[in-house]
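# Structure at a glance
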Amino acid sequence: MRRITFVSSAVAFCMTAALAIGVTAALKPASPVADLPSRKVELKSAGAMTFSPDGILFVGDSVGGSVVAIDTMDRKPAAKGATINVQGVDAKIAALVGVPADQIAINDIKVNPISHNVYLSGARGKGPDAMPLIVRVDASGAVTNVSLDNAKREMVSLADAPKSDPAARGGDPRMLTITDMSFVNGNLLVAGLSNEEWSSSLRSIPFPFKDADKGTTLQIWHASHGRYETQAPVRTFVPYTISGQQYILAAYTCTPLVKIPVSDLKPGAQVKGQTIADLGSGNQPLDMIPYKKDGHEYILVANSSRGVMKLKADDLGSYEKIDSPVVPNPPSNIAGVPYDSLNDLKGVQHIARLDDSNALLLVGKFTGMPWAPGAPQGPLNLQTIALP
Amino acid sequence: MLKRKLAGIAVILFLGMTATAQSVSIQFDGSVFKLAGWKQLPATAPAKGWASLFVVYAGVGDVPPLLGSYSVEAGILIFRPSFPIAPGVHYRAVFHPPDGGAAIENEFDGPRRDTTPLARVEHVYPSGDVWPSNQLRLYIYFSAPMSRGQAGAYLHVLDENGKVLPGVFLPGEELWDPGFKRLTMTFDPGRIKRGLTSNTAMGPPIADGKRYTLAIDKDWQDARGVPMVEGFRKNFRGGPAERTAPDPQKWRVVAPKAGTSEPLVVDFTKPMNYALLQRMLTVTDTRGSVSGTVSTAEHETQWRFTPQQPWRTGDYQLIVDTGIEDLAGNHVGQLFDIDVFEHVTEHIETKTIPLPFSIH
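The rules behind the values
Residues numbered from 1 in each chain as written. Chains lettered and ligands numbered in written order. Predicted model: local features only at pLDDT ≥ 70, side-chain atom pairs only at ≥ 80, totals over all residues. Helix = DSSP H or I, 4+ residues; strand = E, 2+ residues; numbered from the N terminus. Buried ≥ 20, exposed ≤ 12 C-beta atoms within 10 Å, placed from the backbone. Contact = placed C-beta atoms within 7 Å. Pairing = 2+ DSSP bridges. Domains from an automatic or database assignment. Axes fitted to C-alpha atoms, helices over the stretch in contact; angles between N-to-C directions. pLDDT = per-residue confidence, 0-100. Core = buried A, V, L, I, M, F, W, Y, C linked by C-beta atoms within 7 Å.

## Focus: the overall build of chain B
Per the secondary structure count, chain B includes 4 helices and 24 strands. Residues counted as buried form 41% of the 360 residues belonging to chain B. Counting contacts in chain B only where the partners sit at least 6 residues apart, residues at least 24 apart contribute 63% of the total.

Structure below.
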């Protein structure tokens with residue numbers, strides 16, 4: 001296992017920071033495919049995931065404080081127009097691993113860019129004894145377990161060894177929750193949240209992981225918003241190209257959207273992002289997928305409290321940065337890049353791009369309060385929709 | 001039609017039974033499923049695999065078979081599930097005779113789910129009764145591992161009339177410790193941070209001078225899916241926003257006497273983040289780190305360090321990690337939100353500040 005340096009605090013504004021890295025470059029397959037050694041994958045949890053263009057699956061292990069790269073060996077190109085629709089995928093996974101359906105947690109979904117099979121990360125059980133799971137669903141709806149016993153994989157540790165907590169019984173309570181990852185130009189970008197200190201943690205790790213290379217820690221600032229700048233962790237981000245320049249679009253733990261030039265993401269850099277949208281209070285963006293349709297650019301954003309938004313992303317570079325509190329439409333508090341709310345899409349927990357024409361949704365009934373949704377209630381369904 | 005028991009002896013469906021099937025029994029001994037009595041059992045797996053003959057389902061409807069492996073032992077085909085047998089699962093084991101005869105199946109129940117309530121709220125931090133209006137984080141310590149994803153339904157802040165206040169916490173963000181016994185919740189930073197639209201439109205989640213109740217409902221389920229023994233309530237009052245960075249130079253360090261194991265006592269000027277107090281203050285002497293036990297007192301305004309070995313006469317240092325935070329997320333040399341017109345600190349790396357003290 002390799003280690004990289006834990007990210008120290010970063011100063012940033014609470015906004016959706018757009019980390020834009022060129023889509024074109026990001027999707028360029030690495031060549032040749034990294035030859036990973038075959039070993040047992042020792043995950044303690046399976047959370048946020050991303051794919052490299054050549055089918056390497058990266059799995060964030062928040063409990064283990066690591067990221068595992070797994071060669072899925074899943075490179076048979078998808079049949080044209082294949083879609084995935086599975087009712088009650090939680091019950092199917094539960095039956096596969098032998099627990100009641102309410103003991104299955106699904107943490108993320110990602111689509112293999114070559115085979116277009118969907119991979120789900122999650123857990124069998126909901127407590128400390130929960131066992132990490134990665135399952136694959138194909139266009140026929142077949143649900144299969146991704147064996148971790150002798151997979152071709154590589155691992156990188158994200159955490160410095162935490163100082164022991166003398167008061168803790170049963171282990172150190174400190175944990176970094178990996179919230180999002182993206183593979184950009186041969187580097188894995190990892191965003192996370194600490195359950196103790198309020199810090200920004202965005203790391204850039206070259207892949208294949210190297211012993212000597214511990215990755216780069218980035219500090220993301222947010223451009224001045226009013227007269228204050230604040231710390232905030234990045235919650236989710238996506239590569240994006242604006243006027244030929246590579247950016248990442250990033251969201252902090254509240255909903256402004258920020259763009260950051262990839263050229264700024266240098267080792268040790270303190271990066272200032274530019275706010276281009278504010279997606280509303282009491283909300284968190286969960287997943288973003290950029291796409292083009294009919295000559296226009298859009299970004300679908302799945303949110304914790306505000307459903308799915310379709311951002312009109314043409315000329316993102318033309319939006320002036322938002323640098324003062326704007327309340328154009330109380331109480332929803334939205335500003336900047338215009339968007340439509342896709343009100344017919346209810347209960348969307350995750351969203352992934354299936355192909356150039358379709359998106360894949362994980363849909364379930366939200367529990368909790370409207371302003372504080374909790375774990376979804378089953379059945380959970382995988383649903384393909386045409387990109388709107 | 002079928003008997004269900006943990007270690008059941010097969011009950012065979014006699015309808016349409018073939019000669020092949022008549023002697024077959026399907027058993028479950030609590031850990032593995034067995035197909036016994038099949039005299040034509042081949043020594044090796046058929047071309048389509050053992051699953052083409054004998055398969056176990058752990059769910060109803062159109063579900064995939066239970067994951068597992070097969071072996072032939074003493075003339076019995078054994079199916080070993082890949083995962084441990086879990087409570088609350090109903091199994092259906094099916095034998096498809098290769099001669100095309102009717103399928104034979106048996107059903108079993110795994111162990112029952114234990115529904116005895118165990119979990120309680122043990123502690124909540126901050127423990128004080130006055131929380132600043134820009135309070136950032138809340139720690140809830142449970143006595144048993146809990147299910148995640150339930151804070152939205154069962155964790156509330158009530159106003160003085162008992163009405164649930166919406167939008168207090170960051171939605172959808174439960175940060176658990178690895179043991180699922182400590183939950184970290186974050187007050188909506190969009191409402192805390194000055195200058196953000198949420199702050200402007202909705203104000204801070206806690207108002208100075210108002211009275212509130214933190215309410216945790218009994219229905220919050222533990223990791224087994226069982227509700228808690230009892231709910232939990234804590235009354236608190238909103239205080240003024242905390243907008244000063246912690247200053248270790250203003251802390252009072254009270255050194256104990258040599259030869260004793262009395263605690264070193266550090267008094268802060270305000271309450272601090274409980275979790276970070278457990279690991280961001282350390283004691284060193286000329287030989288390195290001093291081992292001991294940390295506790296807090298006076299609602300996290302005091303830190304106490306009791307050494308494993310009695311104090312020796314000499315010079316010591318209290319090492320302060322500048323990442324230590326107060327209740328509002330301000331840390332040493334760095335406010336949570338910076339007034340850029342007045343002061344900008346580009347805090348890059350975690351640093352430490354030594355506070356020397358002597359033991360006599």
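## Things to note about the overall build of chain A
From N to C terminus, chain A includes 2 helices and 30 strands. Across the 388 residues in chain A, those meeting the buried criterion constitute 60%. Contacts spanning at least 24 positions in sequence make up 63% of the contacts within chain A whose residues lie at least 6 apart.

## As for the sheet that holds strand β22 (residues 314–321) of chain B
Residue and element names in this part refer to chain B. The 4 strands are arranged β19-β18-β22-β24 in an open sheet whose pairing can be described as antiparallel. In this open sheet, the two strands that pair with only one neighbour each are β19 (288–289) and β24 (352–359). Pairing of β22 with β24 involves 8 bridges; the strand directions are antiparallel. Among the inter-strand pairings, Y316 is bridged to a residue of β24, identified as F357.

## Observations regarding the domain arrangement of chain B
Assigned domains within chain B: domain 1 (25–109), domain 2 (121–239) and domain 3 (248–359). A separation of 48 Å is found between the C-alpha centroids of domain 1 of chain B and domain 2 of chain B.

## Quick look at the pairing of strand β21 (residues 285–293) of chain A
Residue and element names in this part refer to chain A. Two elements, β21 and strand β22 (residues 296–303), share 8 bridges in a ladder whose sense is antiparallel. Bridging from a neighbouring strand, Y291 pairs with Y298 of β22. The hairpin formed by β21 and β22 contains 2 residues between the paired strands, and D294 there has a positive phi angle of roughly 50°.

## Notes on the environment of B:A215
All names here are of chain B. The residue A215 is located in strand β14 (residues 211–216) in this model. As for A215 and R233, which are separated by 18 residues in sequence, their C-alpha atoms are 4.7 Å apart. Sequence-distant contacts of A215, defined by excluding residues within four places in its chain, comprise H156, L158 and R233.

## Observations regarding the sheet that holds strand β25 (residues 339–341) of chain A
All names here are of chain A. Across the sheet, which stays open at both edges, the 4 strands sit in the order β21-β22-β23-β25 with antiparallel pairing between neighbours. Of all the strands in the sheet, the pair left with one neighbour each is β21 and β25. The sheet shows a mean angle of 20° between the axes of neighbouring strands, direction not considered.

## Looking at the pairing of strand β3 (residues 54–57) of chain B
Residue and element names in this part refer to chain B. Neither face of β3 is open: one carries F54 and V56, the other V55 and Y57, and all of them are buried. Here 4 bridges tie β3 to strand β6 (residues 90–95), and the two strands are oriented antiparallel to one another. When the bridges of β6 are listed, V56 appears paired with A93.

## Examining the confidence of the model for chain B
Residues and elements named next belong to chain B. Confidence along chain B averages 88 in pLDDT terms, with 88% of residues attaining 70 or more. Below a pLDDT of 50 lies the segment residues 1–17, which in the model reaches 36 contacts outside its immediate sequence neighbourhood of four places, other chains included. Of the regions scoring below 50 in pLDDT, residues 339–348 engages in 20 contacts with residues more than four places distant in sequence or in other chains. With a pTM of 0.87, the predicted complex shows an ipTM of 0.86.

## Let's talk about the nonpolar core
Residue and element names in this part refer to chain A. Counting 127 residues, the largest nonpolar core has F58, V59, V118 and L360 as its most contacted members. In terms of residues, this core owes the most to one element, helix α2 (residues 89–97), which gives 7 residues. Not counting residues within four places of it along the chain, the set of residues in contact with V59 comprises L43, A46, M49, V67, V68, I70, S121 and I134.

## Examining the environment of A:L188
Among the structural elements, A:L188 can be located in strand β13 (residues 187–194). When near neighbours in sequence (up to four residues on either side) are disregarded, A:L188 contacts A:F58, A:V67, A:M181, A:F183, A:I205 and A:F207.

## What to know about α2(A)
Since the α-helix advances by 3.6 residues per turn, residues separated by three or four positions end up pointing in the same direction. For α2(A), a buried count of 9 out of 9 residues is recorded, marking the element as mostly surrounded by other parts of the structure. Every buried residue of α2(A) is listed here: A:V89, A:D90, A:A91, A:K92, A:I93, A:A94, A:A95, A:L96 and A:V97. In the core, the buried residues of α2(A) are packed alongside β7 (104–111), β8 (118–124), β9 (131–137), β10 (143–145) and β30 (377–386) of chain A together with β3 of chain B. Immediately beyond the C-terminal end of α2(A), within one or two residues, lies A:G98, with a positive phi of roughly 75°.

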